[in-house]
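Results of the structural survey
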Amino acid sequence: MTSTFWRTSVALALLALSSGASADDFNRTKLPIAQQPFQGEIGLTPAESVKDFPDEVHAPDGAPNVLVILTDDVGFGASSTFGGPIPTPTFDRLAKAGLKYNQFHTTALCSPTRAALITGRNHHTASTGGIMEIGVGYPGYNTLVRKSCGTVGQILKYNGYNTSWFGKNHNVPDWHTSQAGPFDLWPVGLGFEYFYGFVGGDTSQWNPAIVENTRPVEPPENDPTYNFDEDMADRAINWIRMQNAVAPNKPFFCYYATGTAHAPHHAPKDWIAKFKGQFDQGWDVVREETLARQKKLGVVPQGTRLTERSKGIPAWDSLDGRQKELYARMMEVYAAALSHADHQFGRLIDAIDQTGELDNTLVIYIQGDNGASAEGSAQGLLNEMTFFNNIKEDFEEVYRRKDELGGPMTFNHYPIGWAHAMDSPFQWTKQVASHFGGTRNGMVMCWPKRIKNVGQVCSQFHHVIDITPTILEATGLPAPDSINGITQDPMDGVSMAYTWDDHSADSKRKTQYFEMFANRALYHDGWIACTTPPIAPWVSVADPVDVIDGYEWELYNINEDFSESNNIVKDHPEKLKELQRLFYIEAVKHDVLPLDNSKAERLDVRNRPSLTEGRDTFVYYDGMTRIPEGSAPDVKNKSFGITAVVDIPEDGAEGLIATQGGRFCGYGLYLLEGKPVFLYNLADVERYEVKGDEVIAPGKHVITFDFNYDGGGLGKGGQATLSVDGKQVATKKFPRTIAFRMSLDETFDVGSDTGTPVSEDYQVPFDFTGELEKVTVKITEHHLTEEQLQKFREGQAKAALAR
């Protein structure tokens, strides 16, 4: 055929396609059609065509970089910027170059605040009415952030930003945190192109459970100089520098959420030494000193009064000398941790400044995702896991080890008196959404190019749901109607950008509800009605109280009473009824119902979907590590057995076979100097060891540990037995066991130990040096007879060897 024929056919085809005809209407090969409007020309040959690429999405001209800094468990009265005793020079620096906000609020707990921050929706609307480890199957509490609540990361990414998330996540559902995913609710599935941090509620600064994107990575082994806050800052600085070097005209969004100052309170020794003696006056005097500084700084009105010490918190003067010594030391460690973290933020700010981008960077620094934490009990803790399992630590042991606080051998927390002091001038603490001690946090915004009336205090009533709308207004981007084809729920937040030009403008937020564990409040136009907590947040296990009739209500006019110090409920019964009605209207609107004040019960993994649900047998192989508790065999409060098929070389073997948890709570089955050992670590309060007397000979063997649970409730004891090839080699009675949670950050590992060791007899990773063919875990809800146990051991051995 002639070229004229082909040229004519192509021309007719293109004309027909442009008029709406399908390419299938033509009995010929289809030509490529650009997905975006094509501005070039298409001919039959390259010489007859003009190239053009579809326009990619670009951020609006002049759009700022955005850096959001969020600390953890820091009360309103902790930082020097808001009158507290802890120096936070980076926070001070940004406040002087920007604006302070003294009526900014969070949700009173970690995961809910974080979900509200990144979505711009109330935490129940985002299905995050509690932390990820206590999700239940109600719409506001299932921990599965709705696709209709898209994140600020998605919006900015799809509009030309580079996006990243460093540090604490705590927004992945408990049963999604394993290597099996799914990963759509991990940071990389929520619009953040790069993630470097940890997924759970807390982690050690010395042995963190790090994840890069979705891949577990290990920190340097046994490196005494390593610190996760410093590592995280290094990673964020390198990410920003790389982004700026490669694409200097493309703005970045960096969400930087440190785990500090959540327990464990970890800090380098030289930083702790800086605070020696600075808290010897005690928490009552520190509260008074803090309020005086707050008034001087203008971050509270001059007439503000201290609230009364909450019932259950002892007066400092009631303590003896050793208690005062120990508790002051605990506060020194906390102060060092927060100040050290603030120093890392300063390094990050300096790095942005060195790129020349600080002038056009909106920095939002939120000091705390809730109030200070009172989960440290009245005497503080060596190990936070004792609180979650309702295990009391011995004061003498805590005092003996006081110099270890802040280091790698402790998972420490300070006493409730310091939490109350760090929330000055308010009452109550973290978890208590009804009062400002749980929800009021200091916040600073700084954007040198845009905010000119700097150094002022903004007193508008705002909430963490207002952060995403503020970022969108700053970047010139509208809230999308849909994301990935899913229609979006309206944002509950309002932009705070109006305060940048008039720090004394009337607040645009008139109403806001609060709820956590049935503690609830409703703010409306200067008034707040709230319930009196019937259960203190430092009580880990308590009988639930009726969520309606078991609560009394309080009433405050915060236009006249900044700190909620004067309960005027008896003087204004009609105002109380008005606000109560408003609360329940908001509760229905945002999926707050049903109200539920249970805590410890929700920790039970059986409350949630699980990859282990319905299974009683689990098979693992050498090298399978970092399996989180929500996806690991649940051996708590039941009988179980662990069977390992090993091949011992001629020169013997040792190493880890299977473990869950680590130094602060957990268990491990391993060979030590060739002898089989099972060690049960009861939250570092007791350690129960079952150990064989003889070295296992070379060759193939089956090592079995079985535990016969006594039953009769949670955390009870049982008989532990260690066997080799079906023959018992050691047995021991365990008086009690872990009832609720093995760990918040350490995992189930086979053949190698990640994180911290369950026993100080070895160092991680303690790789198994023989051949580990298979590990089988079998669980049963029943107490077994001795005859049944022996059959189990013999059967496991035969079955394992047969395979």
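Report follows, based on the coordinates. Since we're looking at a predicted model, the values are computed, not measured. (Residues numbered from 1 in each chain as written. Predicted model: local features only at pLDDT ≥ 70, side-chain atom pairs only at ≥ 80, totals over all residues. Heavy atoms only, no water.)

Time to look at the sheet that holds strand β1 (residues 65-70). Taken in spatial order, the ten strands make up an open sheet running β7-β6-β5-β4-β8-β1-β9-β10-β2-β11, and their pairing is mixed. Across the chains shown, the open sheet's two edge strands, defined by having one partner strand only, are β7 (215-217) and β11 (456-458). Neighbour to neighbour, the strand axes of the sheet diverge by 15° on average, direction disregarded. Where strand β6 (residues 210-212) lies against β7, three bridges are found, and the strand directions are antiparallel. Across the sheet, residue Glu212 finds its bridge partner in β7, namely Arg215. The strands touched by helix α13 (residues 467-475) are β1, β8 (252-257), β9 (361-367) and β10 (442-446); relative to β9, the strand with the most contacts, the crossing angle is about 170°. (Pairing = 2+ DSSP bridges. Helix = DSSP H or I, 4+ residues; strand = E, 2+ residues; numbered from the N terminus. Axes fitted to C-alpha atoms, helices over the stretch in contact; angles between N-to-C directions. Contact = heavy atoms within 4.5 Å.)

What follows concerns unusual backbone geometry. Along the chain, Gly181 connects to Pro182 via a cis peptide bond; the corresponding omega equals 0°. Tracing the backbone shows Pro182 in the loop between β4 (162-168) and β5 (194-198). Within the chain, Asp73 stands out as a residue other than glycine whose phi angle is a positive 60°. You can see Asp73 is positioned in the loop between β1 and α2 (89-96). Judged by relative accessible area, Asp73 falls into the buried class, the value being 2%. (Buried < 20%, exposed > 50% of the residue type's maximum accessible area, 1.4 Å probe, protein only.)

Applying the stated rule across the entire model yields nine cavities of 30 Å³ or more. Around the largest cavity, the lining is made up of 28 residues, and of these Thr177, Val199, Gly200, Pro628 and Asp745 lie nearest the centre. Split by residue class, the lining of the largest cavity holds ten nonpolar, ten polar and eight charged. What the second largest cavity holds in volume is close to 300 Å³. Along the wall of the second largest cavity there are 22 residues; nearest its centre are Ile131, Glu375, Phe387, Phe388 and Gln431. Of the residues that constitute the lining of the second largest cavity, the class distribution is twelve nonpolar, five polar and five charged. (1 Å grid on protein atoms, 1.4 Å probe; cavity = no way out; pocket = protein on both sides within 12 Å on 5 of 7 lines; lining within 4 Å. Points joined across faces, edges and corners; volume = space filled by probe spheres on them. Nonpolar A, V, L, I, M, F, W, Y, C, P; charged D, E, K, R; others polar.)

Further remarks concern the packing of aromatic side chains. The geometry of two aromatic rings is summed up by the distance between their centres and the angle between their planes. This model, assessed by the stated rule, comprises 46 aromatic pairs. Between Tyr670 and Tyr762, the ring centres sit 5.2 Å apart and the planes meet at 65°, which makes this aromatic pair edge-to-face. Of this pair, Tyr670 sits in strand β22 (residues 665-672) while Tyr762 sits in the loop between β28 (748-750) and β29 (771-780), placing them 92 residues apart in sequence. Of the residues examined, Tyr670 reaches a relative accessible area of 0% and is grouped as buried. The class for Tyr762 is buried, based on a relative accessible area of 5%. A cation over a ring is seen here: Arg520 above Tyr551, with NZ or CZ 4.8 Å from the ring centre. (Phe/Tyr/Trp six-rings, centres within 6.5 Å; stacked < 30°, edge-to-face > 60°. Lys NZ or Arg CZ within 6 Å of the ring centre and 35° of its normal.)

Glancing now at the nonpolar core. Among the nonpolar cores identified, the biggest contains 61 residues, and Leu67, Phe166 and Tyr256 are the most heavily contacted of them. Of all the elements, helix α5 (residues 228-246) adds the most residues to this core, at seven residues. The residues contacting Phe166, other than those within four sequence positions of it, are Tyr194, Tyr196, Met232, Arg235, Ala236, Trp239, Cys254, Tyr255, Tyr256 and Ala257. (Core = buried A, V, L, I, M, F, W, Y, C linked by side-chain atoms within 4.5 Å.)

Turning our attention to a negative patch on the surface. On the surface, Glu221, Asp622, Asp767 and Glu771 cluster together into a patch of negative charge. With respect to the element layout, Glu771 can be found in strand β29. Residue Glu771 is classed as partly exposed on the basis of its relative accessible area, which comes to 44%. (Patch = residues over 30% accessible without salt bridge, like charges linked within 9 Å, V, L, I, M, F, W, Y side chains within 5 Å. Areas by Shrake-Rupley, 256 points an atom, 1.4 Å probe, with all protein chains shown as cover. Salt bridge = Lys/Arg side-chain N within 4 Å of Asp/Glu carboxyl O. Lys, Arg positive; Asp, Glu negative; His and termini not counted. Charge placed at Lys NZ, Arg CZ, Asp CG, Glu CD.)

In a packed pair of helices, the relevant descriptors are the angle between the two axes and the axis-to-axis distance. Where α5 meets helix α8 (residues 321-354), the axes come as close as 10 Å, and the angle between the chain directions of the two elements is 15°. Between α5 and α8, the crossing angle belongs to the class labelled roughly parallel. Seen from above, α5 lies across α8 with right-handed handedness. Here α5 contributes Asp229, Glu230, Ala233, Asp234, Ala236, Ile237, Ile240 and Arg241 to the contact with α8, which in turn contributes His340, Ala341, Gln344, Arg347, Leu348, Ala351, Ile352 and Gln354. Taken together, the residues that form the contact of α5 with α8 break down as eight nonpolar, three polar and five charged. (Parallel < 35°, antiparallel > 145°, perpendicular 65-115°, else oblique. Left-handed = near helix turned anticlockwise from the far one by under 90°.)

Taken as a whole and assessed by the stated rule, the structure comprises 34 salt bridges. Notably, a salt bridge pairs Arg235 with Glu212, separated by 3.6 Å at the nearest N-O pair. Note that Arg235 is positioned in helix α5 and Glu212 in strand β6, a separation of 23 residues in sequence. Residue class for Arg235 comes out partly exposed when judged on its relative accessible area of 32%. Notably, a salt bridge pairs Lys575 with Glu578, separated by 3.3 Å at the nearest N-O pair. Of this pair, Lys575 and Glu578 both sit in helix α14 (residues 573-589), three residues apart, which is roughly one turn of the helix.

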